[in-house]
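Listed here are the chains, written in short residue letters.
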Amino acid sequence: MKKFICINCPLGCHLEVDDSDPNDIKVSGNTCPRGKIYAINEITAPKRMVTSSVPVSRSDLLRVSVKTSQPIPKDKIFDCLNEIKKAHAEAPVAIGDVIVSNVCGTGIDVVATRNAHKI
Amino acid sequence: MRKCDIVVVGGGPAGLAAAVSAFEAGTKDIVILEREERLGGILNQCIHNGFGLHTFKEELTGPEYADRFEQLVYQRGIEYKLGSTVINVTADKTVTYVSEQEGLQKISAKAIILTCGCRERPRGGINIAGARAAGIFSAGTAQKLVNIDGLMPGKEVVILGSGDIGLIMARRMTFEGAKVKAVVELMPYSSGLNRNIVQCLNDFDIPLMFSHTVVDIKATNGRVSSVVIAQVDDKLQPIMSTAQEIACDTLLLSVGLLPENELAGYAGVELSPVTNGAVVDDQMMTSVEGIFECGNVLHVHDLVDYVSEESSHAGKCAANYVQNGMSATQYVPTCGTNGVRYVVPQKIRKDANVEKISLRMRVANAFKNVELAVLLDGEKIFSRKRPIVTPGEMETVVLGSELVARIKQGSKLEVTLLKGEEK
Ligand SMILES: Cc1cc2nc3c(=O)[nH]c(=O)nc-3n(C[C@H](O)[C@H](O)[C@H](O)COP(=O)(O)OP(=O)(O)OC[C@H]3O[C@@H](n4cnc5c(N)ncnc54)[C@H](O)[C@@H]3O)c2cc1C
């Protein structure tokens, strides 16, 4: 039995999930269908967006903020952060520019979320 | 003295949206004054995602959301001055600002829109006893240090306050290699989103201690070395027998935002003791004719989307005032009762010829299975069932033209909760 708090709305239902039979995952404690979908995703393939920032040179900014272009598997968060920590950008940077491509072999890029002008 | 139709004080999301919408409404002689070196306000440091779902139907980070509105300002060639701090606003609508390039300057405006945002409640605001040591930061200051300056405020962290800013910073500090030992919350619940509790704390096994507070701060060589926390009773008084010490070098305070209303005060604008913002009518006009207020300076918003919405409305109304002058003669006051802590706007023009009016409100406690109702002189004219309402989430009721027409005959508008159970 695994426990989750549903994040879909402020009710925050306490969900209990029985995944002893992977073909028939049972969810209880949910008030609406969104709770069930959430719990099954959290059990089978939890994903998270990762946001951080990297240093940028030749700009009036010190850092430029970045995000994964899509959510990545939750267990890859810290590996992804380690790759981001090694990265560095050079101005000019535009929102959407790829800063780290195919981060941790996920096929997902880390992209800039802020423009940095060259000075 | 320079003359200008509209001066916007503050270039955050509220100021940008107000300026763009005033421009669109035909008043183009506008200047935005911003004290920082860039537009975008607090969004520049909010690098996490979760902005704009409502407005753009996609989940943006703070800087991306700000950029969307900055582009609208650039495209229209709306004038803005950076590094320009407004130091005075008068009732006759003279704005005084200082900047490195221009020194002390005055502008005489036909209308002023105040969009100065909030500042964080400091340690003095909650009177925590103990050492006056290095290592105590407001959560927003820590956010700026990490995200803008690339500096880490500390290694072992305790956070007081579980609102969204505290939760976001718990994850951010963890991402940058710090150990967040606990998030301590005075109340028995968090005002933050469940999503943030799950994704910022539970994901990283950071303990969230409800009904606890910091009762002492200890220091060694001028730096925080530990904090003492204790459980509180139902009157929120610490129970000293439950005190425990947590070793840490950093304490982050996320204990509330205070609307920045000094300028409004100088102009003689009437302020609400509940919201700490101005008292406004349905055009977002304050008690001083021609001075408008919107965004976080008016009342604390949890979602920037609603800041943009409210501010677009204020900008349009300011342009209308510049073009057509004052229209209001009589007002219908609004109020919140039975668990509704406040309603903005606080009054509605009786002769308002508008298609709709948005009432924004917050409740005082969490209630389940409630009916949120609007009463006009006691008669129910609007109601909506809600499975839950919480103090952390602003509620909005939009009254359409039919209902607005009925308000004209009324004398008092009340927003209330019916049939709720306290959670
Ligand atoms: C840490 C944090 C996290 C948040 N997370 C989210 C989230 O996940 N999702 C979401 O939707 N919303 C979030 N919000 C809320 C959202 O960011 C705010 O509601 C929004 O930024 C408020 O906009 P504003 O323009 O009213 O104020 P601000 O953004 O504070 O802008 C005010 C501007 O006015 C300027 N100013 C003030 N005084 C003067 C003066 N005297 N002269 C000149 N300029 C002046 C300031 O420098 C600033 O640029 C968050 C807020 C914070 C603080």
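Model, not experiment: these values are computed from the prediction.

Reading the values: the criteria
Residues numbered from 1 in each chain as written. Chains lettered and ligands numbered in written order. Predicted model: local features only at pLDDT ≥ 70, side-chain atom pairs only at ≥ 80, totals over all residues. Heavy atoms only, no water. Buried < 20%, exposed > 50% of the residue type's maximum accessible area, 1.4 Å probe, protein only. Helix = DSSP H or I, 4+ residues; strand = E, 2+ residues; numbered from the N terminus. Pairing = 2+ DSSP bridges. Near = heavy atom within 4 Å. Polar contact = N/O pair within 3.5 Å; in protein donor to acceptor, adjacent residues only side chain to side chain. Areas by Shrake-Rupley, 256 points an atom, 1.4 Å probe, with all protein chains shown as cover. Axes fitted to C-alpha atoms, helices over the stretch in contact; angles between N-to-C directions. Contact = heavy atoms within 4.5 Å. Expected span 1.5 Å × (residues − 1). Phe/Tyr/Trp six-rings, centres within 6.5 Å; stacked < 30°, edge-to-face > 60°. Patch = residues over 30% accessible without salt bridge, like charges linked within 9 Å, V, L, I, M, F, W, Y side chains within 5 Å. Salt bridge = Lys/Arg side-chain N within 4 Å of Asp/Glu carboxyl O. Domains from an automatic or database assignment. Buried area = accessible area lost by both parts, 1.4 Å probe.

K.L.:
Mind showing me how you'd approach the pairing of strand β26 (residues 395-399) of chain B here?
P.N.:
Residue and element names in this part refer to chain B. For β26, a buried count of 4 out of 5 residues is recorded, marking the element as mostly surrounded by other parts of the structure. In the sheet, strand β23 (residues 357-363) pairs with β26 via 5 bridges, with the strands oriented antiparallel. Paired with Ser358 across the strands is Val398, a residue of β26.

K.L.:
Quick question: what am I supposed to make of the site of the ligand here?
P.N.:
All names here are of chain B. The environment of the ligand is formed by 32 residues, the closest being Ala14, Glu34, Ile42, Asn296 and Val304. Gly50 is positioned such that a nitrogen or oxygen atom in its backbone is 3.4 Å from a nitrogen atom of the ligand. Between Val304 and the ligand, the recorded distance is 2.8 Å, taken from a backbone N or O atom to an oxygen atom. Considered on its own, the ligand offers 1000 Å² of accessible surface; in the complex 92% of this is hidden by protein.

K.L.:
I'm lost on unusual backbone geometry in this one. Help?
P.N.:
Peptide bonds are trans in most cases, and residues, glycine excluded, mostly fall at negative phi. Here the amide bond leading from Ala91 of chain A into Pro92 of chain A is cis, since omega sits at 0 degrees, within 30 degrees of zero. Omega for the bond connecting Val344 of chain B with Pro345 of chain B falls within 30 degrees of zero, at 0 degrees, which places this linkage in the cis form. Inspection of the secondary structure puts Pro345 of chain B in the loop between β21 (340-344) and β22 (347-349). In this structure, Lys57 of chain B takes a positive phi of about 55 degrees despite not being glycine. Here Lys57 of chain B is to be found in the loop between α2 (53-56) and β4 (60-61). Classification of Lys57 of chain B as exposed rests on a relative accessible area of 67%. For Asp377 of chain B, which is not glycine, the phi torsion reads 50 degrees and is therefore positive. Mapped onto the fold, Asp377 of chain B is located in the loop between β24 (367-376) and β25 (379-389). Asp377 of chain B sits in the partly exposed class, given a relative accessible area of 46%.

K.L.:
How should I be thinking about the sheet that holds strand β2 (residues 14-18) of chain A in this particular structure?
P.N.:
Paired through backbone hydrogen bonds, the strands of a sheet run either parallel or antiparallel to each other. Residue and element names in this part refer to chain A. With respect to topology, 3 strands assemble into an open sheet ordered β1-β2-β3, the strand pairing being antiparallel. Looking at strand neighbours, the two that pair on one side only are β1 (2-5) and β3 (26-28), the edges of this open sheet. Strand-to-strand twist of the sheet, defined as the mean angle between neighbouring strand axes without regard to direction, takes the value 25 degrees. Pairing between β1 and β2: 4 bridges, direction antiparallel. By the bridge assignment for β2, Ile5 is matched with His14. Packing against the sheet, helix α1 (residues 33-44) makes contact with β1, β2 and β3, and its axis sits at approximately 125 degrees to β1.

K.L.:
Honestly, helix α1 (residues 13-24) of chain B in this entry has me stumped. Any pointers?
P.N.:
Residue and element names in this part refer to chain B. Here α1 is 12 residues long and its end C-alpha atoms lie 17 Å apart, about the 16 Å a rise of 1.5 Å per residue gives. Those residues of α1 lying buried are Pro13, Ala14, Gly15, Leu16, Ala17, Ala18, Ala19, Val20, Ser21, Ala22 and Phe23. Here the buried face of α1 lies against β1 (2-9), β2 (30-33), α3 (62-75), β8 (103-114) and α8 (304-324). Phi turns positive one or two residues past the end of α1, at Gly26, with a value near 105 degrees.

K.L.:
Could you clarify how one ought to interpret the packing of aromatic side chains in this entry?
P.N.:
Here the distance between the centres and the angle between the planes together describe a pair of aromatic rings. Tallied over the full model, the rule gives 8 aromatic pairs over all chains. Between Phe78 of chain A and Phe204 of chain B, the aromatic rings sit 5.8 Å apart at their centres with planes inclined by 85 degrees, giving edge-to-face as the arrangement. Taken together, the positions of Phe78 of chain A in helix α2 (residues 77-86) and Phe204 of chain B in the loop between α6 (194-201) and β13 (208-209) put the pair across two chains. You can call Phe204 of chain B buried: its relative accessible area is 14%. Between Tyr74 of chain B and Tyr80 of chain B, the ring centres sit 5.8 Å apart and the planes meet at 45 degrees, which makes this aromatic pair tilted. Here the aromatic cluster, defined as three or more aromatic residues joined through ring pairs, consists of Phe78 of chain A together with Phe175 and Phe204 of chain B.

K.L.:
What is the right way to read a nonpolar patch on the surface from this model?
P.N.:
Side chains of Ile87, Val98 and Leu104 of chain B sit close together on the surface and give an oily, nonpolar patch of about 250 Å² of accessible area. Turning to its location among the elements, Val98 of chain B is positioned in strand β7 (residues 94-99).

K.L.:
Mind showing me how you'd approach the domain arrangement of chain B here?
P.N.:
It is common to report an interface's size as the accessible area lost on association of the parts. Residues and elements named next belong to chain B. Under the domain assignment used here, chain B contains domain 1 (1-120 + 257-327), domain 2 (122-255) and domain 3 (329-423). Inter-centroid distance (C-alpha atoms) of domain 1 to domain 3 is 25 Å. Contact residues are listed per partner, giving 19 residues for domain 1 and 18 residues for domain 3. Between domain 1 and domain 3, roughly 1700 Å² of surface is buried when both sides are summed, and carbon and sulfur atoms account for 51% of that area. In this assembly, domain 1 and domain 3 are joined by 4 salt bridges. The partner of Arg360 in a salt bridge is Glu310, and the shortest N-O contact between them spans 3.9 Å. Linking domain 1 to domain 3 there are 10 residue pairs in polar contact (both at pLDDT 80 or more).

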